[in-house]
Amino acid sequence: MEKRLRSSLKSSADEFLSSAAKLGFRSVKSSLKTLIYSLKPSSDVVSTLPLSLHHSISESIALYKDLSGSSTAGPSSPGANSQLTPPSKRVRRSSRRPENNKNEDHDSVSGTVDPQTKLEKSKSDVIEKLQIFTCVIHMCVTHPESVFSASDLLPAVQELHDNLVSFELEANLLSDIACLCEDWWKKELPGRDTLISQSIPFLLSKSLTLKKKVDVHRVYAFREAFALFDFEDESIEDLKLLLIRCLISPLFLKMDEGRRFLAFLFGLSRQLVKESLAMIRSQIPFGRKSMLEAYADIVFRAWKAAEGESRDEIENEFLQPLVDGSIHASSGSFAASIRRILGGFISQRTTDGVEKLLFNLAEPVIFRSLQVANSDVRQNALHLLIDVFPLEDPDATREAKDALLHRQFFLIEKLLMDDCPDIRVVAVEGSCRILHMFWEIIPSSIITKLITKILDDMAHDVSNMVRLSTVNGVIYLLGNPQSHEILKVILPRLGHLILDPALSIRSAVVDLLLLIKGIQNFQFHKVVHLDVLLSTLAYDQPLVSKKITKLLLPSYFPTTVTPQEACDRCVTLIKRSPLAGARFCEFCISEGASPQSLNLLCKILINLVLSPANISSEQIDGILMAAANICSNLATETKYKTTLKDELTSKKLMSLFAAANSGRAQASVCNIVSNILPDAAGVLRQECMKLVTKCVWLSDNKEKQAQVRLVHKMIVSCGWVDHMLQEFTKVLQKTANGCIEKYNTERTRQNTSGKKRKIKHGIKVSPKSNRMSGKKTSFNDDYTVSVGIAWQLKDLLKCSDTCKAMLGSKSLESACNALKVISEFNIMECMQRDFISNCHVVAYTLLSLHMSIKNSTVNDKNSHGLKSLERAIEHLVNCTEKVYRTSASTKSLKVTPRSVTNMVKLSTSILNFIIDSSTVDRTHECQERCLSFTRKYVGFIILNLRQHSHGLLEFMEEDLKDTFLCLKSSFTYAAKLLNLVLTSSSESSPPSPEAHNLANDLFDLIISVEEHLGCRYGSLVLSAAKLWLPDLILALGSLQIQKPSSSSAFAETKFGFPSWLVILAKIEIFDQQESELDENDDKVTLPSNYSTFRKVVETMVELLRGNRSVLDAVGAFLLCGSMVSLKKKDFELLYGVLHFVCMKLAKHENMEWVNLTLMLESLQQVYPQMETVAQEFENGHEKKLLEKARSWVEPIWTSYIHEEMKEKMETDFCDS
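Residues numbered from 1 in each chain as written. Predicted model: local features only at pLDDT ≥ 70, side-chain atom pairs only at ≥ 80, totals over all residues. Heavy atoms only, no water.

Glancing now at the overall build of the protein chain. When helices and strands are counted, the protein chain shows 57 helices and zero strands. The proportion of buried residues among the 1216 residues of the protein chain is 52%. In the protein chain, of all internal contacts separated by at least 6 residues, the share reaching a separation of at least 24 is 75%. Within the structure as shown, the protein chain displays about 57200 Å² of accessible surface, and the carbon and sulfur contribution to it stands at 50%. (Helix = DSSP H or I, 4+ residues; strand = E, 2+ residues; numbered from the N terminus. Buried < 20%, exposed > 50% of the residue type's maximum accessible area, 1.4 Å probe, protein only. Contact = heavy atoms within 4.5 Å. Areas by Shrake-Rupley, 256 points an atom, 1.4 Å probe, with all protein chains shown as cover.)

Here's what the structure looks like:
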C-alpha cells in the first residue's frame, strides 16, 4: 500500500491525493507521515501539492454541502424539520451475519439499496477524504525541514477553517481541523489571525462539554488570539456567552491554567469585565469554598494586570460593594462567602498597591460599622477587621500608623466586652489570631493587656461559646513559640474550666493539656491539678475521660518501661483514686496500651483482691471495676481470654464476690464472669438474684442502671432468665397484695358512714407471695423494690435477645397480673401521694404488648392476644378518667404539683401504649374511646396549667421541666393518634367527630402553654407540634366535610367554644388596631404576645393555601364559628374570624373563592344574618365592628351568590 502511494506521489500531487482517498483514511494514515516527511525541497510535488490540496478540499466541501442539502430537502427524510440531522448508523460487513442480512447485501448490490442510506454513505466518503486532506496539510505544516511554503498552504487551511460549522456533526474531522489551526497559530505562520474565528469557539465549546484538562490547556495556549476579536461588535455575543460560561465551569476554576485564562479575559474589554464581575457576584451566595477561593485568585490576577478603566471597574464597582456587603450581609454565611473573595487580596497584601487598596476600601466604613447598634453589622465588621489586620495606610507617617493601630486594638478590646455573645466569641478568637500572627510587631503592653483580659474575663464569661473560644484561642496562640514564656505563667488561670458544665469546654481543656504536654518547659499538672484530673477522669463523659487517659498513659502505664513496672504504676493510680483508675483501665487499650501488659495487670489486680493485704473497700471496688474493664477489652482476643480463663477458678470467683461489698463491685464480678467464663457462674446464681431483686432507686440512678445491666448480661449468658422472672414475680405479687390492702384500708378510713367497702380488682394474686422468706418488710419498702423490678422488666423487654428469653417464661402472666394491680393502684393514688412511679405502668403496657404479639394470630381479629390488648387499654383508660373526674370535681382533694407531675407521667405512658398497640391492632373498635381519653387528658393539662398561672399550683422548676417533657411527648402521641384515625378512615367509614374535637383541644393546648408558661415553653412545644400541623388541620376540616353548612362542629365541641379561635380573633383585631393607630377606648388587649401561636397560624395559612380542598373544609368550619359568634352577638370574635378568613385564607380580589363550595354554602347562612343583626344597632363600637366585617363579606356575596338565591334566603330568614 505504501509503495502504491509512493508511486503516485512521484507521478503528481493530484494522483497522490486521489490514491490516498481511494485507500481510506485508516489505511493511509500511518504512511502519510513517512511519505510527506521524505519529500525534499527539490521535489516537484512540493510546489504542486498545496494547490492540489486547495482544489480537492474545495471540491469535497462543495460536494458535502450538496449532499447535506439533499438529505434535508426531502419531505420524507428524518431531518426534514431540522437543520442538522445526526448521521445514520453505518452498516458493518461481517462474514458472520445471518442469511437475511446477506440477502440485504445482495439487494444492495443489485441496486435496491435505500436512497437515504446511499446518501449517508456518500457523505461518509467525503468526510473521510477531508480527513485525509487535513492530515496531509498537517504533515506539510509540521515538516521537519519546512519544505512547504505556509503562504501556499494557507488557502487550503482557510477553506477548512471557514467551513468548520458545516462539519459540526463530524467530531473527528472537527478535532483534526482545530488541531491544524492550533499548530498554525503556535508556529506563528502567516495568516494565523484568519484561522481563529471558527476554531476558538470550537475549542471553548469542547472544553465546556467534554470537561477534559487537556482542552483547558489548549484554550489557555490560544489566549493571545482572543485579543484579535472586537468585543464591542454585536456578532461577538455567542463567543462572549461561551467565555462567561467558563467562569462557572468547575474545571476552569480548578486548574491553574484555567484561572489564568479567566483572569486574562478581564483585559480584553471593559464590557466583558463588567459581565464577568456580575457573573462572579451572582455566584457568591451559592458558591462552595473552593469556587470562591478560585474567584478570589482570578479577580486578584485580573486586578494586578488591569490598567485604567478596567482597574477602576474592579476596585470601585466590584471590590468596594463587596466590602460594604460583607459588613451589611443578611447572614453570617453570606458575609463569610464575600470575605473569601476579598481574601484573594488580603493574602497578597505584600504585592505592590494591595495594602493601599485595602486601606482605601475598608477604612471609610469599618470603624463606623464596629460601633453601630446592630449586632450583626458589628460582628461582620469585626470579622473583616480581623481579616485585614493590621489596617494601615502605607503612605502615612509613623505616628499616624501607630495611632491607627492603637485605634484598632481599642475597638477589639471594647468588643471583647460586647453585649452580644457571638461578637465576644469572634473578638476572642480574632485577638488570639492577631497575637499569633503579629506578635513581633505588637507592643508588649498591648499583648499583656489582651492576654490578661482573655484569660481573666473571657474564661469566666456566662456564654459557653465564649469560654470555648477562649480555650481554642489559647490553643491556636500556642502555635507561636514566642507566646510560651508569658502563657507558661498565666495558663493555670484556665484550670477551672476542666470542671465547666459544658462538655465541649472540658474536652477542649484536655486538648490544651495534651498540647502543652509536648511543649518543652510546660507541665500540664500545673495548669490542672492532678487530683482534679483524676476526679474528672472518674466521673466525666467518655469523650473527656478517654482524652485524660491519653494524657496520663505515659505516666501511669508507659511503654518505655518493663511490663511489671508499668503494672505497678497503674496499681498505684488505682489505689490513689479507685474510680479514676478503673476508667483509666477502660480506655487505655484504645489509646495504645499493650494487650500483653494489660493481661498481666488483670492477673495482678485479681490476686491483689484475694491477698490478705490491707486494702480499703473503695480500693477493692476500683480494682474489681478495673479488672472488669480490662476483661471486657481482652475478651475479643481468644489468646488472652484463654489465659484469663485459666487464671479464674470457681473458688476464686466466690472469693472475688465475697470481697465485693458494694453493688458496683459485685456487678463488676458478674461482668468478668459473663465475659470470660460463663460456664463457671453457677456458684454465683443466688448472689445475682439478690442483686436484681434488691435494687431500689434504680429508675433515676444511671450508675446503678449500668451495674444492673452487667448482672443481666451474666444472667442471660448463663440461662437464668426464667429463674430471675420467678423471683421478680414473687416480689411483684407481694407488692400487689399490699396495694390492695392499702387501698381498701384507706377507703374504709375515708368512709364517713362507717361501712366497709371492699374494692374488687378482678385480679387473683397468689397468697403465697405474702409468705416470702426473710424478715417482714413494710409496704413502702416492697413498693420501692417493685419500682426497681418494673424498671428492669422494661429494660429487658427493650432488648430483642432478653425479650425473646423472657417471653418463653411461665411466670410472665403472673407478673403481668401483678403489674396490672400495682398500675391501677398507682393511677388511683397518684393525686394523693407524692412518690408514685410510672415504671409499673410502663412495664405493664410493654409486657401486655409483647404478650399480645406473641399470642395473636395473623388476620385473626378475635384472637386472645388482640382482645387482651383491648382489655388492657380499656382498664387503664377507665382508671385514669376516674382520677380526672375526681380531681376536677372534688374541691377537698389537695392537689400538689408533684401529684400532677405523676399523673402526667402516667397518662403519657398510657398514651404511648395506645400508639404502640397500633402495631398489633389498628384499634379501630376502640378508636373513639382512645380519642375521648386523650381529650380528657389534654383538658386535665390545660386546667392545671391555668391553676399554675393563677398561683393555685406552684410548680418547682424541676417538676415543671419533668411535666413539660411529658407534655411534649403527649402532644406527639395525641397527634399521631389523629394521624392513625385519619389514615384508617374512608368514605364509608369517616373519622369520629372526636378527631375534630381533639384537634381543637391540641390547638388550645399550644395557646395554654404559651399563655401560662411563657414564650420559651411555647417555642419548645411548637417544635413538637410543627411536624403534625398538617394532621391537625385535616382533622379540623373532617367534621365539616361530613356535616357541611351547619354549626355542628361547635355543637360537637363538648368543652365549649375553642379557645384558640377566640385568641385568633383577638390577634386579628389587635394587629388591625396597631396598623390603624386607632385611639378608641374599646381596644382589644392580649394577655400575651402569642409569638408561638402566630407562627402556628402562619404555617396553617401556608398549608391551607396549598390545598384548596382542605382550605374549603377548614374555612367552612371557621365560618360556622363566625355564625355562632353572631348568634351570641360576640362581634369581636365575628370580626376577627372573618378578617382571618377573607384577608388571609381566601382573598376575594385574587379570585380565590372560586370552587370553594363549602365556604360559599356557609357564607349563604352568615351574610343574611349579619344584615339582619346590623339593623338592630344604630351606632356604637358593635355597629362599627359588624359593618367592617360585613364589608369584607359583601363583595364575595355579590360575586358568587345569585341574586335570586340571596332574596330567597333573606325571605326565609325573616319568616323564621
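We now examine empty space enclosed by the protein. Applying the stated rule across the entire model yields four cavities of 30 Å³ or more. Approximately 70 Å³ is the volume attributed to the largest cavity. Lining the largest cavity are V900, V904, I941, N944, L945, F955, T963 and L967. Take the lining of the largest cavity: its biggest share by element is three residues, from helix α45 (residues 927–949). Among the residues forming the lining of the largest cavity, the class breakdown is six nonpolar, two polar and no charged. Forming the boundary of the second largest cavity are V323, L342, I346, L358, L361, A362, L384 and V388. Those elements that place two or more of their residues in the lining of the second largest cavity are α17 (332–346), α18 (354–369) and α19 (375–388). Looking at the lining of the second largest cavity, the element that brings in the most residues is α18, giving three residues. Tallied by class, residues from the lining of the second largest cavity come to eight nonpolar, no polar and no charged. (1 Å grid on protein atoms, 1.4 Å probe; cavity = no way out; pocket = protein on both sides within 12 Å on 5 of 7 lines; lining within 4 Å. Points joined across faces, edges and corners; volume = space filled by probe spheres on them. Nonpolar A, V, L, I, M, F, W, Y, C, P; charged D, E, K, R; others polar.)

Let's shift gears to α18. For α18, built from 16 residues, the straight-helix expectation of 22 Å at 1.5 Å per residue is met to within 8% by its first-to-last C-alpha distance of 22 Å. Its axis deflected by about 50° at A362, α18 carries its strongest bend there, up to four residues before the proline P364. Where α18 is concerned, the buried positions are V354, E355, L357, L358, F359, L361, A362, V365, I366, F367 and S369. Where α18 is buried, its residues touch α15 (289–305), α16 (308–328), α17, α19 and α20 (398–415). (Expected span 1.5 Å × (residues − 1). Bend = angle between axes of the 7 residues up to and from the residue.)

Let us look at the packing of helix α52 (residues 1091–1105) against helix α54 (residues 1131–1145). At a minimum axis separation of 11 Å, α52 and α54 run at an interaxial angle of 55°. Between α52 and α54, the angle is such that the two are oblique. Remark: the crossing between α52 and α54 carries right-handed chirality. Where α52 approaches α54, its residues V1097, V1101, L1104 and R1105 are matched on the opposing element by F1140, K1144 and L1145. Residues belonging to the contact of α52 with α54 are distributed by class as follows: five nonpolar, no polar and two charged. (Axes fitted to C-alpha atoms, helices over the stretch in contact; angles between N-to-C directions. Parallel < 35°, antiparallel > 145°, perpendicular 65-115°, else oblique. Left-handed = near helix turned anticlockwise from the far one by under 90°.)

The next thing to look at is the packing of aromatic side chains. Both the distance between ring centres and the angle between the ring planes are used here to describe each pair of aromatic rings. All told, the structure shown has 20 aromatic pairs when counted by the stated rule. Their ring planes at 80° and their centres at 5.7 Å tell us that F779 and F825 sit as a pair that is edge-to-face. Taken as a pair, F779 in helix α39 (residues 779–798) and F825 in helix α41 (residues 812–829) lie far apart in primary sequence, 46 residues in all. Residue classification places F779 among the buried residues on the basis of a relative accessible area of 16%. By relative accessible area, F825 is classed as buried at 2%. The lysine or arginine in question, R311, covers the ring of W303, its NZ or CZ lying 4.1 Å from the ring centre. Above the plane of the ring of F367 lies R407, whose end atom (NZ or CZ) is 4.1 Å from the centre. (Phe/Tyr/Trp six-rings, centres within 6.5 Å; stacked < 30°, edge-to-face > 60°. Lys NZ or Arg CZ within 6 Å of the ring centre and 35° of its normal.)

Attention now moves to the packing of helix α35 (residues 663–676) against helix α37 (residues 702–718). Between α35 and α37, whose axes approach to 8 Å, the crossing angle comes to 35°. The hand of the α35/α37 crossing is left-handed. Between α35, through G663, R664, A667, C670, N671, V673, S674 and N675, and α37, the contact on the second element is made entirely by E703, Q707, L710, V711, K713, M714 and S717.

What follows deals with the pattern of salt bridges. Scanning the model with the defined rule gives 46 salt bridges in all. Among the salt bridges present, the one from R301 reaches D256, with a minimum N-O distance of 3.1 Å. With R301 in helix α15 and D256 in helix α13 (residues 256–265), this residue pair connects regions lying 45 residues apart in the sequence. As a salt-bridge pair, D418 and R378 come within 2.8 Å of each other at their nearest N and O atoms. Note that D418 is positioned in the loop between α20 and α21 (421–438) and R378 in helix α19, a separation of 40 residues in sequence. Overall, the relative accessible area of 10% leaves D418 in the buried class. (Salt bridge = Lys/Arg side-chain N within 4 Å of Asp/Glu carboxyl O.)

Glancing now at the side chain of S823. Turning to its location among the elements, S823 is positioned in helix α41. Residue contacts for S823: discarding those within four places in its chain leaves H840, V841, Y844 and L876.

Disulfides are covalent bonds that link the sulfur atoms of two cysteine residues. Taken as a whole and judged by the stated rule, the model has zero disulfides. You can see C585 has no disulfide; the closest cysteine sulfur is in C570, sitting 3.8 Å from it. (Disulfide = S-S within 2.5 Å.)

On to the confidence of the model for the protein chain, then. Residues of the protein chain with pLDDT of at least 70 account for 88%, and the chain-wide mean is 83. Per-element confidence in the protein chain is highest for helix α23 (residues 464–477), whose mean pLDDT is 95, and lowest for helix α5 (residues 99–109), whose mean pLDDT is 45. Note on residues 752–775: pLDDT under 50 across the span, and 30 contacts to partners over four residues away in sequence or across chains. Under a pLDDT of 50 for its full length, residues 1051–1055 has, in the predicted model, eleven contacts with residues more than four places off or in other chains. (pLDDT = per-residue confidence, 0-100.)

A word on a negative patch on the surface. Taken together, the side chains of D230, E232, D233 and E234 present a region of like negative charge at the surface. Looking at the element boundaries, D230 is found in the loop between α10 (213–221) and α11 (237–246). (Patch = residues over 30% accessible without salt bridge, like charges linked within 9 Å, V, L, I, M, F, W, Y side chains within 5 Å. Lys, Arg positive; Asp, Glu negative; His and termini not counted. Charge placed at Lys NZ, Arg CZ, Asp CG, Glu CD.)

Okay, helix α29 (residues 563–576) next. Taking 1.5 Å of rise per residue, the 14 residues of α29 would be expected to cover 20 Å, and the 20 Å separating its terminal C-alpha atoms lies within 8% of that figure. Elements that come into contact with the buried residues of α29 comprise α27 (530–539), α28 (542–556), α30 (578–587), α31 (595–610) and α32 (617–634).

With that settled, consider unusual backbone geometry. At the junction of F389 and P390, the peptide bond is cis and its omega measures out at -5° in the coordinates. Note on placement: P390 falls in the loop between α19 and α20. The phi torsion at N521 lies on the positive side, around 75°, for a residue other than glycine. Along the chain, N521 turns up in the loop between α25 (503–517) and α26 (524–527). We classify N521 as exposed; its relative accessible area is 59%.

Position of D215 relative to the elements: it lies in helix α10. Once residues lying within four places of it in the same chain are set aside, the contact partners of D215 are K206, S207 and L210.

Position of L357 relative to the elements: it lies in helix α18. Owing to a relative accessible area of 6%, L357 belongs among the buried residues under this scheme. On a C-alpha basis, the gap between L357 and P394 in space is 10.0 Å, while along the polypeptide they are 37 residues apart. Ignoring any residue separated from it by four or fewer positions in sequence, one finds L357 in contact with W303, E315, L319 and F345.

Moving on: the environment of D176. Take D176: it is sitting in helix α8 (residues 171–186). Taking the C-alpha atoms as reference points, D176 and L130, 46 residues apart in sequence, are found 9.8 Å from one another. Contacts of D176, omitting those with residues within four sequence positions, involve Q131 and T134.

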